[in-house]
Number of protein chains: 6
Amino acid sequence: MKVALYPGSFDPITNGHLDVLGRALAVFDRVVVAVLANPRKSPLLAAATRVEVIRASLQGGELGSAAGADRVDVVTFDGLTVEAARANGASSIVRGLRAISDFETEMQLAHNNRRLAPEIDTVFFMTEAEYGYVSSTLVKEIASFGGDVTGMIPAPAAAALREVSGSR
Amino acid sequence: MKVALYPGSFDPITNGHLDVLGRALAVFDRVVVAVLANPRKSPLLAAATRVEVIRASLQGGELGSAAGADRVDVVTFDGLTVEAARANGASSIVRGLRAISDFETEMQLAHNNRRLAPEIDTVFFMTEAEYGYVSSTLVKEIASFGGDVTGMIPAPAAAALREVSGSR
Amino acid sequence: MKVALYPGSFDPITNGHLDVLGRALAVFDRVVVAVLANPRKSPLLAAATRVEVIRASLQGGELGSAAGADRVDVVTFDGLTVEAARANGASSIVRGLRAISDFETEMQLAHNNRRLAPEIDTVFFMTEAEYGYVSSTLVKEIASFGGDVTGMIPAPAAAALREVSGSR
Amino acid sequence: MKVALYPGSFDPITNGHLDVLGRALAVFDRVVVAVLANPRKSPLLAAATRVEVIRASLQGGELGSAAGADRVDVVTFDGLTVEAARANGASSIVRGLRAISDFETEMQLAHNNRRLAPEIDTVFFMTEAEYGYVSSTLVKEIASFGGDVTGMIPAPAAAALREVSGSR
Amino acid sequence: MKVALYPGSFDPITNGHLDVLGRALAVFDRVVVAVLANPRKSPLLAAATRVEVIRASLQGGELGSAAGADRVDVVTFDGLTVEAARANGASSIVRGLRAISDFETEMQLAHNNRRLAPEIDTVFFMTEAEYGYVSSTLVKEIASFGGDVTGMIPAPAAAALREVSGSR
Amino acid sequence: MKVALYPGSFDPITNGHLDVLGRALAVFDRVVVAVLANPRKSPLLAAATRVEVIRASLQGGELGSAAGADRVDVVTFDGLTVEAARANGASSIVRGLRAISDFETEMQLAHNNRRLAPEIDTVFFMTEAEYGYVSSTLVKEIASFGGDVTGMIPAPAAAALREVSGSR
């Protein structure tokens with residue numbers, strides 16, 4: 001069984017992330033979505049909330065045509081990505097590519113992960129063009145000004161942003 | 001009448017910004033320079049100071065050959081850029097392009113602004129080569145060490161930097 | 001009246017080109033689509049055919065929501081782009097931006113055109129995301145293998161490609 | 001069974017290609033190396049020679065630690081890559097990424113292949129750093145001047161280049 | 001005598017930095033490694049520690065084949081790089097290039113330094129491919145999670161990171 | 001004595017090349033400008049003409065402030081660049097960097113040259129901003145249409161282009 005780890009901050013998960021997840025499920029038997037809990041990165045949403053949002057997004061059928069939500073696990077992790085991969089029995093790390101700036105950072109991470117764990121390799125998928133300009137950071141900025149983020153993030157993510165926004 | 005919004009932090013305005021403004025005035029009937037007031041971005045100069053500096057730079061004839069300073073408005077805004085465009089009756093957003101890293105960020109912003117306001121489009125101008133390596137961030141760093149910023153920013157901007165520097 | 005020149009090979013015109021043309025018509029009063037006739041570039045379609053295809057695409061209402069086909073002229077040119085702009089009374093050159101590789105080439109052309117004709121400036125529009133990966137070269141390659149190019153080029157362009165293909 | 005198509009010119013296959021192939025074999029059950037026969041691209045080596053060189057390189061154990069040469073097929077194809085994938089029962093296309101310029105071209109190809117065949121997706125692997133600057137084009141140029149290409153291409157590829165060179 | 005300044009944060013020095021230093025010593029008679037002391041950049045290691053680590057790395061013969069450690073000075077500086085160059089009698093500034101993102105930043109810095117000090121020019125060396133993905137930032141992150149940084153930084157740098165880590 | 005090889009097609013030499021040459025002369029004792037004679041690249045000017053144009057440009061004092069024309073040799077070469085460096089006693093190869101696309105190609109060449117000749121390293125200089133958009137290819141295109149290339153290439157190069165143009 002081929003297991004892949006899909007690590008990220010997912011603060012919150014976007015439709016671009018769900019698109020990459022669907023593509024990974026077409027190649028791997030199981031995908032572990034690994035939410036980076038690192039509090040030093042000052043996420044907007046708590047790690048537990050981010051996990052709940054991802055699970056709700058999967059149940060809601062937002063994954064699209066790739067019927068594979070039952071082959072997804074959602075966990076949190078802190079520390080090295082390759083350790084999270086090993087801990088979850090994953091032999092591959094999945095990452096999405098949108099733009100050039102992604103590419104350079106991802107190349108650096110992939111090469112360093114190989115150095116730390118030669119038995120684990122990174123596999124890249126291209127985000128669908130319509131999500132190519134969506135990022136969690138931009139979504140949070142638009143939402144903070146009351147802008148409409150429909151079509152950029154799944155409904156449970158939008159709900160979580162509204163809740164955080166209301167409590168500030 | 002074609003009105004364009006030229007949004008930015010302008011902390012402070014540089015000769016590169018003035019160059020782009022002059023190019024926009026050759027295409028549009030009126031250009032509204034919109035200073036992002038967002039205090040979360042920790043600007044060096046207060047929004048009101050940045051507006052004054054821009055106005056002084058325009059009066060001083062620093063705009064160069066494009067005689068159009070009387071067709072420029074300077075305002076502050078916070079929130080979504082497309083809302084500022086709507087509020088100022090602008091159907092276009094003007095942005096300058098200097099380098100690759102600009103380009104990727106600008107593509108992302110332009111596509112997201114279209115999603116939020118399909119009736120408003122972004123129009124890009126290339127900064128003149130001699131200003132291609134000038135940025136507000138670099139200018140502030142050079143000025144903070146007492147370096148000479150002549151030729152990079154207009155005189156009123158240099159004066160404002162000296163004043164802030166003296167008061168620290 | 002603001003007139004812009006939109007130069008290119010248009011071998012054939014794509015939906016991405018039409019998207020840029022529509023955006024230019026929202027800013028300029030008149031846009032002259034200028035087909036580069038240069039036979040040294042070994043185009044697939046004759047210059048006259050490319051002009052006909054563009055005109056047919058405009059009449060067919062393929063320009064989309066920007067109702068402005070009557071404000072478009074289609075001409076051929078050879079030689080320097082800035083001379084074509086002058087000859088057609090255009091004070092701006094319009095170009096579309098899709099990707100990084102476009103950007104570098106376009107920066108070089110824009111700066112050189114400024115050197116040759118300081119009174120004419122280049123104005124850039126971002127191609128819509130869904131057309132960001134469409135290019136005339138790729139369309140011709142797909143069509144040459146019998147692949148489906150629907151949605152990538154307007155119907156008259158597809159017809160012209162079929163005709164050329166049939167005659168080979 | 002997960003089958004992937006690894007298309008390319010392989011004129012000749014390099015150690016970078018073999019590195020990507022080994023990585024693909026860690027994820028897929030079977031990888032079909034598909035040699036583009038297109039004579040319009042004026043390859044240096046005939047398609048049949050390129051196939052032989054790949055097969056010899058696999059037998060010679062040059063694939064490295066990924067013991068999987070028996071799970072590789074080598075075929076030729078002409079026409080659309082997605083048609084070659086369908087014809088070979090592949091649900092994924094494998095491509096290597098080395099540099100930024102690769103990335104933009106690959107994004108364009110991947111998006112167009114999705115448009116032509118939504119059921120087939122492209123999966124990317126990062127070439128090992130030491131092969132990041134190896135390309136078939138450069139290898140051929142070095143070899144044509146009698147330079148040493150050891151470590152850049154497998155021995156059968158070097159032999160094929162010498163033979164072609166001797167016959168000119 | 002040709003003297004070059006090699007400025008940087010060196011927080012800590014990596015094997016990539018040592019590789020560039022060795023290359024610079026092949027061209028220049030003397031290289032002054034200039035450690036940016038700027039406390040506003042919140043370095044992990046104190047400036048004095050970074051200087052000690054560099055000196056220890058040079059003595060330990062980690063510089064590789066370029067036998068030139070006796071032609072290296074290590075100093076700290078704050079303020080403008082060109083002033084540090086002048087103060088140390090250097091007519092050139094040395095910088096390493098790894099990736100595209102480096103390149104744009106370095107172009108901006110080099111052009112601004114020329115503007116500030118036309119008599120001093122920047123000279124660039126390519127980091128060896130195996131160090132192309134090593135950065136001080138990444139090394140610190142890996143070390144903070146207890147990951148193995150052997151081969152990425154010299155032994156004295158690893159020791160300094162362990163000491164800082166133990167004291168937190 | 002430090003000798004550097006500055007290889008290129010120089011078809012024809014531009015003011016950007018002369019700018020790089022002047023910068024190299026500030027670091028090296030002697031610079032050998034090596035004109036690639038390779039007839040397979042279909043140059044516009046014969047190799048001997050390109051050599052003459054470079055020599056005339058140096059004598060004419062077009063090198064600018066760097067008084068060092070007497071420390072320049074001009075030769076032709078064919079084959080591997082590292083062999084030309086060895087044959088001319090050069091321990092460094094000089095290359096200019098203008099833009100991102102340059103950068104990737106140059107990185108590939110530099111790494112491959114190191115592989116072929118570890119004792120020879122490539123040293124990069126940034127072209128002055130005003131020449132950043134000048135290329136031999138573009139200059140030839142502009143000149144072929146009768147455009148003004150003053151300020152882009154030295155006078156002897158312009159004369160050579162006129163002569164070739166007149167004879168066609």
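What counts and how
- Residues numbered from 1 in each chain as written.
- Chains lettered and ligands numbered in written order.
- Predicted model: local features only at pLDDT ≥ 70, side-chain atom pairs only at ≥ 80, totals over all residues.
- Heavy atoms only, no water.
- Helix = DSSP H or I, 4+ residues; strand = E, 2+ residues; numbered from the N terminus.
- Rg over C-alpha atoms; globule rule 2.2 N^0.38 Å.
- Contact = heavy atoms within 4.5 Å.
- Areas by Shrake-Rupley, 256 points an atom, 1.4 Å probe, with all protein chains shown as cover.
- Lys, Arg positive; Asp, Glu negative; His and termini not counted.
- Charge placed at Lys NZ, Arg CZ, Asp CG, Glu CD.
- Buried area = accessible area lost by both parts, 1.4 Å probe.
- Salt bridge = Lys/Arg side-chain N within 4 Å of Asp/Glu carboxyl O.
- Pairing = 2+ DSSP bridges.
- Axes fitted to C-alpha atoms, helices over the stretch in contact; angles between N-to-C directions.
- Buried < 20%, exposed > 50% of the residue type's maximum accessible area, 1.4 Å probe, protein only.
- pLDDT = per-residue confidence, 0-100.
- Least-squares fit on C-alpha atoms with pLDDT ≥ 70 in both.
- Polar contact = N/O pair within 3.5 Å; in protein donor to acceptor, adjacent residues only side chain to side chain.
- Nonpolar A, V, L, I, M, F, W, Y, C, P; charged D, E, K, R; others polar.
- Expected span 1.5 Å × (residues − 1).
- Phe/Tyr/Trp six-rings, centres within 6.5 Å; stacked < 30°, edge-to-face > 60°.

A short note on the overall build of chain A
The number of helices and strands found in chain A is 6 helices and 5 strands. Beginning at the N terminus, the succession of helices and strands in chain A can be written as β-α-β-α-β-α-β-α-β-α-α. For chain A, whose C-alpha radius of gyration is 15 Å, the value lies close to the compact-globule estimate of 15 Å for 168 residues. For chain A, the share of sequence-separated contacts (at least 6 apart) that also reach a separation of at least 24 residues comes to 79%. Carbon and sulfur atoms provide 49% of the accessible area of chain A, an area that totals close to 6,600 Å². Distance from the positive charge centre (16 side chains) to the negative charge centre (19 side chains) of chain A: 5 Å.

Describing the arrangement of the chains
At their nearest point, the C-alpha atoms of chain B and chain D are still 12 Å apart, with no contact between the two. No part of chain A reaches chain F; the closest C-alpha pair between them is 12 Å apart.

Regarding the interface of chain D and chain A
Across the boundary between the two partners, chain D contributes 26 residues, which contact 26 residues of chain A. Buried surface at the junction of chain D and chain A, summed over both partners, amounts to about 2,200 Å²; 64% is from carbon and sulfur atoms. Of all residues in chain D, the largest losses of buried area upon contact with chain A belong to D:Phe103, D:Arg114 and D:Met126, amounting jointly to 29% of the total for that side. For the interface between chain D and chain A, the tally reads 4 salt bridges. With its nearest N and O atoms 3.5 Å apart, the salt bridge here joins D:Arg114 to A:Glu128.

Description of the sheet that holds strand β1 (residues 3-8) of chain B
On the basis of which strands lie adjacent, the open sheet formed by 10 strands has the order β3(B)-β2(B)-β1(B)-β4(B)-β5(B)-β5(C)-β4(C)-β1(C)-β2(C)-β3(C) and mixed pairing. Unpaired on one side and paired on the other, β3 (72-77) of chain B together with β3 (72-77) of chain C mark the two borders of the sheet. Direction aside, neighbouring strands of the sheet carry axes that sit 35° apart on average. In this sheet, strand β4 (residues 92-97) of chain B lies alongside β1(B) in parallel orientation, the contact comprising 2 bridges.

Topic: the pattern of salt bridges
Should the charged atoms of two oppositely charged side chains come close, the side chains can pair. All chains considered together, the criterion is met by 66 salt bridges over all chains. The partner of C:Arg86 in a salt bridge is C:Glu119, and the shortest N-O contact between them spans 2.9 Å. You can see C:Arg86 sitting in helix α3 (residues 81-87) and its partner C:Glu119 sitting in the loop between α4 (100-116) and β5 (121-126), a full 33 residues away along the chain. Given the relative accessible area of 48%, C:Glu119 is considered partly exposed. Within this structure, A:Asp19, A:Arg23, A:Glu128, D:Arg114 and D:Asp121 form a network of salt bridges that share partners.

Things to note about the confidence of the model for chain A
Detail in the predicted coordinates should be disregarded across regions flagged by low pLDDT. Chain-level pLDDT for chain A is 91 on average; 94% of the residues reach the 70-or-more range. Scoring the predicted complex yields pTM 0.94 and, for the interface, ipTM 0.93.

Looking at the relation of the copies chain D and chain A
Each copy of the sequence occupies a distinct position, and chain D is placed on chain A by a rotation of 180° and an axial shift of 0.0 Å, giving an RMSD of 0.0 Å. The operation mapping one copy onto its partner corresponds to a two-fold rotation axis. Closest approach to the rotation axis among the C-alpha atoms of chain D is made by D:Phe124, whose C-alpha sits 2.4 Å away. When the interface residues of chain D are mapped onto chain A, 100% of them again fall at the interface, so both copies present the same face.

Regarding the environment of B:Glu128
Position of B:Glu128 relative to the elements: it lies in the loop between β5 (121-126) and α5 (136-144). Since its relative accessible area comes to 24%, B:Glu128 is described here as partly exposed. Sequence spacing of B:Glu128 and B:Arg71 is 57 residues, and the spatial spacing of their C-alpha atoms is 21 Å. Those residues in contact with B:Glu128, other than ones at most four positions away along the chain, are B:Asp19, B:Arg23, C:His111 and C:Arg114.

Topic: the interface of chain C and chain B
Taken together, the contacts link 26 residues of chain C with 26 residues of chain B. Carbon and sulfur atoms supply 64% of the area buried between chain C and chain B, which totals about 2,200 Å² over both sides. Sorting the residues of chain C by area buried against chain B places C:Phe103, C:Arg114 and C:Met126 first, and these three jointly supply 29% of that buried surface. At the junction of chain C and chain B, the tally comes to 4 salt bridges. Summed over the shared surface of chain C and chain B, the result is 11 residue pairs in polar contact (both at pLDDT 80 or more). Sorting the residues of the side of chain C that touches chain B by element identifies β4 (92-97), α4 and β5 of chain C as the ones contributing at least two each. A per-element tally of the side of chain C that touches chain B places α4(C) first, with 8 residues. A per-class count over the side of chain C that touches chain B returns 14 nonpolar, 4 polar and 8 charged. Of the pairings in the sheet, the one linking β5(B) to β5(C) comprises 2 bridges and is antiparallel in character. Along β5(C), the bridge assignment pairs B:Val123 with C:Phe125.

Details of helix α4 (residues 100-116) of chain E
Over its 17 residues, α4(E) extends 25 Å from the first C-alpha to the last, a length consistent with the 24 Å expected when each residue adds 1.5 Å. Burial runs high along α4(E): 13 of the 17 residues are buried.

Regarding the sheet that holds strand β1 (residues 3-8) of chain D
Two orientations exist for strands paired in a sheet by backbone hydrogen bonds: parallel and antiparallel. With respect to topology, 10 strands assemble into an open sheet ordered β3(A)-β2(A)-β1(A)-β4(A)-β5(A)-β5(D)-β4(D)-β1(D)-β2(D)-β3(D), the strand pairing being mixed. With partners counted over all chains shown, the strands left at the sheet margins are β3 (72-77) of chain A together with β3 (72-77) of chain D, one partner each. Ignoring strand direction, the axes of neighbouring strands in this sheet form an average angle of 35°. Relative to strand β5 (residues 121-126) of chain A, strand β4 (residues 92-97) of chain A runs parallel, the two being bridged by 6 bridges. Bridge assignment links A:Leu97 to a residue of β5(A), and that residue is A:Met126. Contacts between helix α4 (residues 100-116) of chain A and the sheet are confined to β4 and β5 of chain A together with β4 (92-97) and β5 (121-126) of chain D, with β4(A) contributing the most and set at about 170° to the helix.

With respect to the relation of the copies chain C and chain B
The two copies are related by a screw motion: chain C maps onto chain B through a turn of 180° and a shift of 0.0 Å along the axis, at an RMSD of 0.0 Å. Take the interface residues of chain C: 100% of them recur as interface residues in chain B, which is what a same-surface contact looks like.

Let's talk about the side chain of F:Ser136
Turning to its location among the elements, F:Ser136 is positioned in helix α5 (residues 136-144). Sequence-distant contacts of F:Ser136, that is, excluding residues within four places in its chain, are made with F:Asp11, F:Pro12, F:Thr14 and F:His17.

Observations regarding the packing of aromatic side chains
All names here are of chain A. Applying the stated criterion across every chain, the model contains 9 aromatic pairs over all chains. Taken together, a centroid distance of 5.2 Å and an interplanar angle of 85° make the contact between Tyr6 and Phe10 edge-to-face. As far as burial versus exposure is concerned, Tyr6 and Phe10 are alike and both buried.

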